[in-house]
Amino acid sequence: MDWQGQKLVELWMQVMLLVFAVVAFVTGYITASFRTMMLIYAGGVVFTSLVTVPNWPFFNRHPLKWLDPSEAEKHPKPQQQAVASKDKKKSSKK
């Protein structure tokens, strides 16, 4: 799943849970049944999980291009300079 797919899934999850919560509350209020409300909401949570948890192909429409290992060897990771400057400050204080 790519970054944009994760963003889409997060949005879908929030919207679907909110819709199921409202529908469950209204139905439970009209029928005066707490059990009905909880069953509808639990069904909504299960349905939302089935839609958002699996890595469906349409969540990977913008795949990331990884750097080829041979290219990575040509461009080594830069060393951190901040550690060396801290050591110099400590030695100058003595």
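Residues numbered from 1 in each chain as written. Predicted model: local features only at pLDDT ≥ 70, side-chain atom pairs only at ≥ 80, totals over all residues. Heavy atoms only, no water.

- The name recorded for the protein in an unreviewed UniProt entry is Signal peptidase complex subunit 1, from Salix koriyanagi.
- According to the UniProt record, the Sequence similarities (unreviewed entry) comment for the protein reads "Belongs to the SPCS1 family."
- Under the UniProt heading Subcellular location (unreviewed entry), the note attached to the protein is "Endoplasmic reticulum membrane". (UniProt positions renumbered as here; feature names shortened; annotations may be inferred.)

Quick notes on a nonpolar patch on the surface
Piece 1. Judged by side-chain polarity, Leu 8, Leu 11, Trp 12, Val 15, Val 19, Val 23, Trp 56 and Phe 58 come together as a nonpolar surface patch covering roughly 660 Å² of accessible area.
Piece 2. Summarising the element assignment, Leu 8 is placed in helix α1 (residues 3–31). (Patch = residues over 30% accessible without salt bridge, like charges linked within 9 Å, V, L, I, M, F, W, Y side chains within 5 Å. Areas by Shrake-Rupley, 256 points an atom, 1.4 Å probe, with all protein chains shown as cover. Salt bridge = Lys/Arg side-chain N within 4 Å of Asp/Glu carboxyl O. Helix = DSSP H or I, 4+ residues; strand = E, 2+ residues; numbered from the N terminus.)

As for the UniProt feature "transmembrane region" (unreviewed entry) in the protein
Piece 1. Mapped onto this structure's residue numbering, the UniProt feature "transmembrane region" (unreviewed entry) falls at residues 12–32 and 39–59.
Piece 2. What you have in residues 12–32 is 95% helix and 0% strand, and the ends, taken at the C-alpha atoms, are 29 Å apart.
Piece 3. Helix makes up 67% of residues 39–59 and strand makes up 0%, while its end C-alpha atoms are separated by 29 Å.

Concerning α1
Piece 1. Taking 1.5 Å of rise per residue, 29 residues should cover 42 Å, and α1 covers 42 Å from first to last C-alpha, within 8% of that figure.
Piece 2. In this structure, the buried side of α1 is in contact with α2 (34–52).
Piece 3. Trailing α1 by a residue or two, Ala 32 shows a phi angle of about 55 degrees, which is positive. (Expected span 1.5 Å × (residues − 1). Contact = heavy atoms within 4.5 Å.)

A word on the environment of Gln 14
Piece 1. Checked against the element boundaries, Gln 14 lands in helix α1.
Piece 2. In this structure the C-alpha to C-alpha distance between Gln 14 and Thr 48, which are 34 residues apart in sequence, comes to 9.2 Å.

Looking at the side chain of Thr 48
Piece 1. Structurally, Thr 48 can be placed in helix α2.
Piece 2. Among the polar contacts listed, one links the side chain of Thr 48 to the backbone oxygen of Gly 44, at a separation of 2.7 Å.
Piece 3. If we ignore the near neighbours within four places in the chain, the residues touching Thr 48 are Met 13, Met 16, Leu 17 and Phe 20. (Polar contact = N/O pair within 3.5 Å; in protein donor to acceptor, adjacent residues only side chain to side chain.)

Observations concerning the confidence of the model for the protein
Piece 1. On average, the protein scores 82 in pLDDT, and the residues at 70 or more come to 84%.
Piece 2. Of all the helices and strands in the protein, helix α4 (residues 82–93) carries the lowest mean pLDDT, 57, while α2 carries the highest, 95. (pLDDT = per-residue confidence, 0-100.)

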